[in-house]
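The primary structure of each chain is shown beneath.
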Amino acid sequence: MIAIASDHGGYELRHKIMEHLTKRGLEYIDCGCDTPASCDYPDYGKAACAKVVSGECDRAIVICGTGIGISMTANKIRGIRCALCGDCFSAKATREHNDANVLALGARVLGIDLALMIVDTFLDTPFSNDQRHIRRISKIED
Ligand code: RB5
């Protein structure tokens with residue numbers, strides 16, 4: 001199960017991604033925002049990350065205009081490893097090396113096709129389970 005959320009800056013892209021997930025037969029929980037009216041990205045980023053922390057969702061996708069504010073928000077939450085990705089190489093590497101459980105996207109930075117490729121790469125790449133990566137990840141949180 002995937003949690004997805006955005007502020008107004010990511011509203012359109014979030015809807016494109018939800019359509020894409022449905023076409024792929026993947027289930028998601030939409031954590032808002034509910035309208036394209038101006039709103040605060042931390043409210044929605046926190047809601048999606050809470051689904052991951054609780055175990056209701058395996059991964060989350062969070063979107064704002066740049067992806068920066070919502071990724072900062074996500075990475076303040078214990079248990080969340082959020083990667084802001086603007087390319088598929090990073091999306092693959094952050095799954096293999098960092099076991100990232102949240103993907104942040106900048107809707108005003110990315111074209112839709114690239115964003116969807118990044119989403120697919122993030123969702124389809126498993127963690128490597130290499131000892132060195134497990135060790136490094138264990139040093140992230142205090
Ligand atoms: C909203 O205008 C914008 O600040 C927000 O979407 C995001 O880019 C913040 O980091």
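Only a predicted model underlies this, so the values are computations on that prediction, with no experimental measurement involved. (Residues numbered from 1 in each chain as written. Predicted model: local features only at pLDDT ≥ 70, side-chain atom pairs only at ≥ 80, totals over all residues. Heavy atoms only, no water.)

### A few points about helix α2 (residues 41-54)
Heads up, the condition is: In this description a helix means any DSSP run of H or I spanning at least four residues, a strand means any run of E spanning at least two, and both kinds are numbered starting from the N terminus. Multiply 1.5 Å by the residue count of a helix minus one, and that product is the helix's expected span. By the convention used here, residues are in contact when the closest approach between their heavy atoms is within 4.5 Å.
Between its terminal C-alpha atoms α2 stretches 20 Å, which fits the 20 Å expected from 14 residues at 1.5 Å a residue. Here the buried face of α2 lies against β1 (2-6), β3 (59-64), α3 (68-74) and β5 (102-106). Looking at the residues trailing α2, positive phi occurs at Gly-55, about 90 degrees.

### Considerations on a nonpolar patch on the surface
Our working definition: To count toward a patch, a residue needs a relative accessible area over 30% and no salt bridge; like charges are then connected within 9 Å, while nonpolar side chains (Val, Leu, Ile, Met, Phe, Trp, Tyr) are connected within 5 Å. Every accessible area reported is derived by Shrake-Rupley at a probe size of 1.4 Å, with residue values counting cover from the shown protein chains alone. By salt bridge we mean one thing: a side-chain nitrogen of Lys or Arg within 4 Å of a carboxyl oxygen of Asp or Glu.
Residues Ile-68, Met-72 and Leu-84 make up a contiguous nonpolar surface patch of about 290 Å² in total accessible area. Mapped onto the elements, Leu-84 comes out in strand β4 (residues 82-84).

### Topic: the packing of aromatic side chains
Formally: The rule is short: rings of Phe, Tyr and Trp, with Trp giving its six-membered ring, pair when the centres are within 6.5 Å, and they are stacked under 30 degrees, edge-to-face over 60, tilted in between. We count a charge as sitting over a ring when the NZ of a lysine or the CZ of an arginine lies within 6 Å of the ring centre and within 35 degrees of the ring normal.
Tallied over the full model, the rule gives 0 aromatic pairs. Here Arg-59 stacks its cationic end above the ring of Phe-122, 5.5 Å away from the centre of that ring. Seen from the ring of Phe-122, Arg-95 lies directly overhead, with NZ or CZ sitting 5.9 Å from the centre.

### Examining the site of the ligand
Put simply, the rule is: Here a residue is considered near a molecule or strand provided that any single heavy atom belonging to it is located within 4 Å of it. Counted as a polar contact is a pair of N or O atoms within 3.5 Å, where, for protein atoms, one must be capable of donating a hydrogen and the other of accepting one, and residues adjacent in sequence contribute only when both atoms are in side chains. Each residue is assigned to one class: nonpolar for Ala, Val, Leu, Ile, Met, Phe, Trp, Tyr, Cys and Pro, charged for Asp, Glu, Lys and Arg, and polar for all the others, Gly among them.
All residues adjacent to the ligand are Asp-7, His-8, Tyr-41, Cys-64, Gly-65, Thr-66, Gly-69 and Arg-108. Between the ligand and the protein, one listed contact pairs an oxygen atom with a backbone N or O atom of Thr-66 at 2.9 Å. Burial of the ligand by the surrounding chains reaches 71%, relative to a free accessible area of 290 Å². Classifying every residue of the shell around the ligand gives 2 nonpolar, 4 polar and 2 charged.

### A look at the sheet that holds β3
To keep things clear, this is the line we draw: A pair of strands is labelled paired if DSSP reports no fewer than 2 bridges between them. Axis definition: a line fit to C-alpha positions, over the contact stretch in the case of helices; interaxial angles, taken between N-to-C directions, run 0 to 180 degrees.
One open sheet holds the 5 strands; their spatial order is β2-β1-β3-β5-β4, and the pairing between them is parallel. What marks the edges here is a single partner per strand, and that holds for β2 (28-30) and β4. Sheet twist, expressed as the mean angle between neighbouring strand axes with direction ignored, is 20 degrees. Of the pairings in the sheet, the one linking β1 to β2 comprises 3 bridges and is parallel in character. Following the sheet pairing, Ala-3 is matched in β2 by Ile-29.

### Quick look at the pattern of salt bridges
Counted only if it meets this: Exposed residues in this analysis have more than 50% of their type's maximum accessible area, buried residues have under 20%, and partly exposed residues fall in between, with area computed by a 1.4 Å probe over protein chains only.
Scanning all chains against the criterion turns up 9 salt bridges. The residue Asp-30 makes a salt bridge to Arg-14 at a minimum N-O spacing of 3.0 Å. Taken together, the residues span a long stretch of sequence, with Asp-30 in strand β2 and Arg-14 in helix α1 (residues 11-23) at a distance of 16 residues. On the basis of relative accessible area, Asp-30 is assigned to the partly exposed category, the value being 36%. Residue Arg-14 is classed as buried on the basis of its relative accessible area, which comes to 1%. In this structure, Glu-56 and Lys-51 form a salt bridge, with 3.5 Å as the shortest nitrogen-oxygen distance.

### Considerations on the packing of helix α4 (residues 88-98) against helix α5 (residues 112-124)
When two helices pack together, their arrangement is given by the angle between their axes and by how far apart the axes lie. The line we're drawing: Angle categories: roughly parallel below 35 degrees, roughly antiparallel above 145, roughly perpendicular from 65 to 115, and oblique for all the rest. The hand of a helix crossing depends on one turn: near helix anticlockwise from the far one by less than a right angle means left-handed, and clockwise means right-handed.
Between α4 and α5, whose axes approach to 8 Å, the crossing angle comes to 20 degrees. The angle between α4 and α5 places the two elements in the roughly parallel class. The crossing of α4 and α5 is right-handed. In this structure, α4 uses Cys-88, Ala-91, Lys-92, Thr-94 and Arg-95 to contact α5, whose residues at the interface are Leu-114, Met-117, Ile-118, Thr-121 and Phe-122. Class assignment for the residues of the contact of α4 with α5 results in 6 nonpolar, 2 polar and 2 charged.

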